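Remarks on the overall topology
As a plain string of letters, each chain reads:
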Amino acid sequence: AFSVSLATLAPAQPISPYLVGNNLWYGRANNATEAASSPDAQTIGLVSETGTRFVRIGGINYESGERDRNGNVTALPNDAVYEVWVRRIREAGAEPLVQVSRFRAPRVDRTLDATVAAARARETVRYLNKEKNLNVRYWSIGNEPFGTSGTPSDSQIADYAALFREVAAAMKAEDPSILIYGISNAWYDPVVYDRLLGANDDIYDISGPIPGTSGRLFHLDGVTWHSYPPTAANPVINAIRTMRIFTWSMLEDLQRVNNRADRVAAGQFVGWGIGEFNSRNAAEVRRFENGQMLAAVYGLAMHHG
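Only a predicted model underlies this, so the values are computations on that prediction, with no experimental measurement involved.

Rules used throughout
Residues numbered from 1 in each chain as written. Predicted model: local features only at pLDDT ≥ 70, side-chain atom pairs only at ≥ 80, totals over all residues. Heavy atoms only, no water. Phe/Tyr/Trp six-rings, centres within 6.5 Å; stacked < 30°, edge-to-face > 60°. Helix = DSSP H or I, 4+ residues; strand = E, 2+ residues; numbered from the N terminus. Buried < 20%, exposed > 50% of the residue type's maximum accessible area, 1.4 Å probe, protein only. Contact = heavy atoms within 4.5 Å. Salt bridge = Lys/Arg side-chain N within 4 Å of Asp/Glu carboxyl O. Core = buried A, V, L, I, M, F, W, Y, C linked by side-chain atoms within 4.5 Å. Axes fitted to C-alpha atoms, helices over the stretch in contact; angles between N-to-C directions. Parallel < 35°, antiparallel > 145°, perpendicular 65-115°, else oblique. Left-handed = near helix turned anticlockwise from the far one by under 90°. Nonpolar A, V, L, I, M, F, W, Y, C, P; charged D, E, K, R; others polar.

**Concerning the packing of aromatic side chains**
For the structure shown, the criterion picks out 13 aromatic pairs. Judged by centre distance (5.9 Å) and plane angle (45°), the ring pair of Tyr160 and Phe164 falls under tilted. Of the two residues, Tyr160 and Phe164 both sit in helix α6 (residues 154-174), four residues apart, roughly one turn of that helix. Per residue, the accessibility class of Tyr160 equals that of Phe164, and both read buried. Arranged with centres 5.5 Å apart and planes meeting at 10°, the rings of Trp225 and Trp272 form a pair that is stacked. Of this pair, Trp225 sits in strand β9 (residues 222-227) while Trp272 sits in strand β10 (residues 271-277), and the two are 47 residues apart along the sequence. For Trp225, a relative accessible area of 0% translates into the label buried. The class for Trp272 is buried, based on a relative accessible area of 1%.

**Points about the environment of Trp85**
One can find Trp85 in helix α4 (residues 79-91). For the pair Trp85 and Leu24, spaced 61 residues apart in the sequence, the C-alpha separation amounts to 8.9 Å. If sequence neighbours within four positions are ignored, Trp85 has contacts with Leu24, Gly27, Arg28, Ala29, Ala35, Ser38, Pro39, Ile57, Tyr62 and Pro77.

**A few points about the pattern of salt bridges**
On inspection of all chains with the given rule, the structure shows 16 salt bridges. The structure contains a network of salt bridges with shared partners spanning Arg122, Lys130 and Glu174.

**Observations regarding the nonpolar core**
In this structure, Trp139, Ile141, Val167, Met171, Leu196, Val223 and Trp225 are the most contacted members of the largest nonpolar core, which totals 72 residues. Of all the elements, α6 adds the most residues to this core, at ten residues. If sequence neighbours within four positions are ignored, Val167 has contacts with Val100, Ala114, Ala117, Ala118, Ala121 and Ile141. In this structure, Leu97, Tyr138, Leu179 and Tyr181 belong to the second largest nonpolar core, which totals five residues.

**Focus on the packing of α4 against helix α5 (residues 114-131)**
Contact pair α4 / α5: the axes reach a minimum separation of 10 Å and the direction vectors enclose 45°. If you check the angle between α4 and α5, you find them oblique. In the crossing of α4 with α5, the sense of the turn from one axis to the other is right-handed. Counted together, Asp79, Ala80, Tyr82 and Glu83 of α4 and Glu123, Thr124, Tyr127 and Leu128 of α5 form the full contact between these two elements. Classifying every residue of the contact of α4 with α5 by side-chain character gives four nonpolar, one polar and three charged.

Here it is, written out as structure tokens:
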């Protein structure tokens, strides 16, 4: 199980009801029938039993069609699968976040294609929120877009920014009330986040207003990242220190973005969340030290909104 924490940055707000969450990323996604029983009933029951209130439907499986724990290639969830999972999550007392893919045809063609991705994401928003009246509020675009090691090139960052803006604009054209989170990188890389949050050049900025909306709608509503300690590292020492550094870097970026005139005028400020964090394998997850790390991270999240 991979943990997720979502919070919205605002002054003097109460603790988010969605502080403690989890990820649905090992479910069978090939059709709605499979989705009705995968995850199984016992797992979904634990969502309710443990008081989990937020479930991200996302991860590498549903971004690019990786293999699940049984070796089966998992398809990108279609709209019927999303519908089943959203309803099951809600029945368990939690709120879903739906991740949409950046690729032209996951499993078959992993070429980035903003036009195809935008059309597909807009249709998913329409299906869930208009046709099925599920009113899914939280969304994200892609998963760990720059891999798990190394800072991407300027051109890679620019390509991602252009795609994110096009997909986000299409989604909000269908439903302006949704909140879109990104970048969901494997770690808080200051180079990546500074540029994508408008610190250098507009060509990289995904935090600005959507053209044609008179500054009322923005591409990005919340910043997310992931973090896992090295396998041999003690999560209490290494992971907590790393998460503090990531959080401090992010707060500096958000302060800059949220002080911009367009954000202040619109009264719309960028929040933040942690999309994935945990130890790296089952044995490590069960360690007492990992429990200490989770508690410290949730404390960090509460302290910083």
